[in-house]
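Structural features, examined
Here is how the chains run, residue by residue.
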Amino acid sequence: MPVHVQQTPNPNARKFVLPQKMFDRPLNISADNVSSAEQATQHPLALQLLALESIYNVFMVQDFVTVNKYPGDVGGIGGDRADCGGLFRD
């Protein structure tokens, strides 16, 4: 599934725009929050994203996902377009 990656005002975040609506309700999951971690177990995409050491927050709603990395982490998040390593599948 092709995914468009957009910059955000936060230099530590990227917005991944999907070609179709995938999430019926907002889901905001933080690696540092126990109740959020329990929510993540219900969503495979959130689990895969939070398994990356540099990622601390995932926000999913309708047709996009916003991913936040820890400040100072030297790894990048996405380019202009990405298949996201197969994380977004039909």
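Let me begin by describing the structure that accompanies this report. Only a predicted model underlies this, so the values are computations on that prediction, with no experimental measurement involved. (Residues numbered from 1 in each chain as written. Predicted model: local features only at pLDDT ≥ 70, side-chain atom pairs only at ≥ 80, totals over all residues. Heavy atoms only, no water.)

**Considering the nonpolar core**
For the record, the criterion: We define a nonpolar core as any set of buried Ala, Val, Leu, Ile, Met, Phe, Trp, Tyr and Cys residues linked to one another through side-chain atoms lying within 4.5 Å. Summary of the burial criterion: residues with accessible area below 20% of their type's maximum are buried, those above 50% are exposed, and those between are partly exposed, where the area comes from a 1.4 Å probe applied to protein chains only. Under the scheme used here, helices are H or I runs from DSSP no shorter than 4 residues and strands are E runs no shorter than 2 residues, and both carry numbers assigned from the N terminus.
Ranked by size, the top nonpolar core spans 16 residues in total, and within it Val58, Met60 and Val65 carry the most contacts. Listing elements by their share of this core, those giving two or more residues are β1 (3-7), β3 (23-30), α2 (44-50), β4 (55-62) and β5 (64-69). When residues of this core are assigned to their parent elements, the largest contribution, 4 residues, is made by α2.

**Remarks on the packing of aromatic side chains**
Where we set the bar: By convention, a stacked pair of Phe, Tyr or Trp rings (six-membered ring in the case of Trp) has centres within 6.5 Å and planes under 30 degrees apart, an edge-to-face pair has planes over 60 apart, and any other such pair is tilted. Charges are assigned to positions over rings by a cutoff of 6 Å between ring centre and Lys NZ or Arg CZ, combined with an angular limit of 35 degrees from the ring normal.
Per the stated rule, a full pass over the model turns up 2 aromatic pairs. Relative to Tyr70, the ring of Tyr56 has its centre 5.1 Å away and its plane inclined at 35°; by these criteria the two rings are tilted. Of this pair, Tyr56 sits in strand β4 while Tyr70 sits in the loop between β5 and β6 (81-82); the two residues are 14 residues apart in sequence, bridging distant segments of the chain. Given a relative accessible area of 31%, Tyr70 falls into the partly exposed group. For the ring pair Phe59 and Phe64, a centre distance of 6.0 Å and an interplane angle of 55° mean the geometry is tilted. Against the face of Phe64 rests Lys15, its NZ or CZ located 4.4 Å from the ring centre.

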